[in-house]
Amino acid sequence: LVNSPCEIPGLWYEGRIPVLIDPENNSKNETNPDIIVDAIIAKRNTGTSINHAPLVIALGPGFVAGRDAHLVIETSRGHNLGRVLAEGSAEPDTGVPGPIEGITSERVLRSPADGIFNNTMDIGASVKKGDTVGFVNEMPVKTLIGGVLRGLVRPGLMVSKGLKIGDVDPRGKTEYCFTISEKALAIAGGVLEGILRSFTKTRR
């Protein structure tokens with residue numbers, strides 16, 4: 001974790017990966033990056049421009065390749081997952097999570113109210129249907145299926161009613177909580193493919 005863009009080059013020289021918290025992406029004006037990857041996956045463009053870097057790659061719906069970013073990576077599960085798009089858009093957001101063992105919306109934990117979330121279980125915990133994994137104010141957040149608690153927002157976060165705040169993996173394998181998923185690997189592979197494809201072209 002670094003506090004300023006000026007700390008970044010030194011860590012690169014040491015072979016380390018600097019992480020800078022910069023919600024507005026103002027650091028790009030100081031670092032002048034060759035590549036920007038919009039990996040927010042907000043299902044919409046929150047301010048990324050194709051002019052922000054020589055190569056701008058965006059993940060998922062909300063972007064048009066050639067207009068908002070140079071390349072768009074498909075994030076929807078299925079045949080095209082991880083595919084690099086040089087024109088057009090990724091598949092639109094359906095609002096329904098991708099199925100795991102045939103289970104979609106039921107695996108998602110949503111806030112029952114507006115308020116502060118605090119957890120009573122941690123990522124990796126085994127859960128049964130109806131278990132309470134935390135509270136928003138005094139209202140319980142209950143599981144709709146059994147499995148392993150795979151994702152959870154941090155405690156103390158202000159959340160709104162209906163917001164996705166976690167998910168349960170019905171496969172029940174705790175080790176999956178601590179390794180990169182097949183979906184994330186495919187998307188990351190698409191990003192790497194896009195980078196290598198673009199920079200190979202520029203060096204010919």
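These numbers come from a predicted model, not from an experiment. (Residues numbered from 1 in each chain as written. Predicted model: local features only at pLDDT ≥ 70, side-chain atom pairs only at ≥ 80, totals over all residues. Heavy atoms only, no water.)

**Student:** I'd love a proper account of the overall build of the chain, names of residues and values included.
**Tutor:** Scanning the chain from terminus to terminus reveals three helices and twelve strands. Dimensions of the chain along its principal axes, counting C-alpha atoms only, are 60 × 40 × 30 Å. Taking the intrachain contacts of the chain between residues at least 6 apart in sequence as the baseline, contacts between residues at least 24 apart amount to 42%. As presented, the chain carries roughly 12,200 Å² of accessible surface, and 53% of it is formed by carbon and sulfur atoms. Of the charged side chains in the chain, 23 are positive and 23 negative, and the gap between their average positions amounts to 4 Å. (Helix = DSSP H or I, 4+ residues; strand = E, 2+ residues; numbered from the N terminus. Contact = heavy atoms within 4.5 Å. Areas by Shrake-Rupley, 256 points an atom, 1.4 Å probe, with all protein chains shown as cover. Lys, Arg positive; Asp, Glu negative; His and termini not counted. Charge placed at Lys NZ, Arg CZ, Asp CG, Glu CD.)

**Student:** Could you give an account of the pattern of salt bridges, naming the residues involved and the relevant values?
**Tutor:** Oppositely charged side chains are able to pair whenever their charged atoms sit close together. Applying the stated criterion to the full structure yields seven salt bridges. Across the salt bridge formed by D169 and R171, the nearest N and O atoms sit 2.9 Å from each other. Residue classification places R171 among the partly exposed positions, given a relative accessible area of 27%. Salt bridges sharing partners connect three or more residues here, namely R150, D169 and R171. (Salt bridge = Lys/Arg side-chain N within 4 Å of Asp/Glu carboxyl O. Buried < 20%, exposed > 50% of the residue type's maximum accessible area, 1.4 Å probe, protein only.)

**Student:** Lay out unusual backbone geometry in plain terms, naming residues and giving numbers.
**Tutor:** A positive phi angle, near 60°, is found at N25, a position not held by glycine. In this fold, N25 is placed in the loop between α1 (8–13) and α2 (28–31). Despite not being glycine, I41 has its phi angle at roughly 50°, a positive value. One can find I41 in the loop between β1 (35–38) and β2 (55–59).

**Student:** Give me the environment of A69: which residues, what numbers.
**Tutor:** Note on placement: A69 falls in the loop between β2 and β3 (71–73). Residue classification places A69 among the buried positions, given a relative accessible area of 0%. Considering only alpha carbons, one finds A69 and S49, 20 residues apart in sequence, at a separation of 6.4 Å. Sequence-distant contacts of A69, that is, excluding residues within four places in its chain, are made with I50, V56, I57, A58 and V64.

**Student:** Please set out the pairing of strand β9 (residues 139–142) residue by residue, giving values where relevant.
**Tutor:** As paired strands, strand β8 (residues 132–136) and β9 are joined by four bridges and run antiparallel to one another. Counted as the bridge partner of V136 is M139 from β9. Where β8 folds back onto β9 in an antiparallel hairpin, the turn is made up of two residues, including N137, whose phi is positive at roughly 55°. (Pairing = 2+ DSSP bridges.)

**Student:** Kindly report on the nonpolar core, identifying the contributing residues and their values.
**Tutor:** Taken as a class, soluble globular proteins show a tendency for nonpolar side chains to be buried jointly. The biggest cluster of nonpolar side chains holds twelve residues, and these are L109, F117, V127, V133, V136, V141, I145, L149, L152, V159, I165 and V168. Among the elements of the structure, β8, β10 (147–152) and β12 (164–169) are those that each provide at least two residues to this core. Filtering out sequence-adjacent residues up to four positions away, L152 remains in contact with L109, F117, N119, M121, I123, I165 and G166. One finds A53, F63, A65 and V72 within the second-largest nonpolar core, a separate group that totals ten residues. (Core = buried A, V, L, I, M, F, W, Y, C linked by side-chain atoms within 4.5 Å.)

**Student:** A description of the side chain of D131 should follow, citing residues and the corresponding values.
**Tutor:** Positionally, D131 belongs in the loop between β7 (126–127) and β8. Among the residues examined, D131 registers a relative accessible area of 15% and is labelled buried. A distance of 2.7 Å separates the side chain of D131 from the backbone nitrogen of K128, its partner in a polar contact. The contact partners of D131, leaving out residues within four places of it in the chain, are M121, S126, V141, K142 and T143. (Polar contact = N/O pair within 3.5 Å; in protein donor to acceptor, adjacent residues only side chain to side chain.)

**Student:** So what's going on with the sheet that holds strand β11 (residues 157–159)? Which residues, and what values?
**Tutor:** With respect to topology, four strands assemble into an open sheet ordered β9-β8-β6-β11, the strand pairing being antiparallel. Two strands close off the open sheet at either side, each with one partner strand: β9 and β11. Neighbour-to-neighbour, the strand axes of this sheet turn through a mean angle of 40°, independent of strand direction. (Axes fitted to C-alpha atoms, helices over the stretch in contact; angles between N-to-C directions.)

**Student:** Give a detailed account of a nonpolar patch on the surface, specifying residues and quantitative values.
**Tutor:** Judged by side-chain polarity, L1, I17, V19 and I21 come together as a nonpolar surface patch covering roughly 510 Å² of accessible area. Looking at where I21 falls in the secondary structure, it is placed in the loop between α1 and α2. Look at I21 and you get exposed, because its relative accessible area is 66%. (Patch = residues over 30% accessible without salt bridge, like charges linked within 9 Å, V, L, I, M, F, W, Y side chains within 5 Å.)

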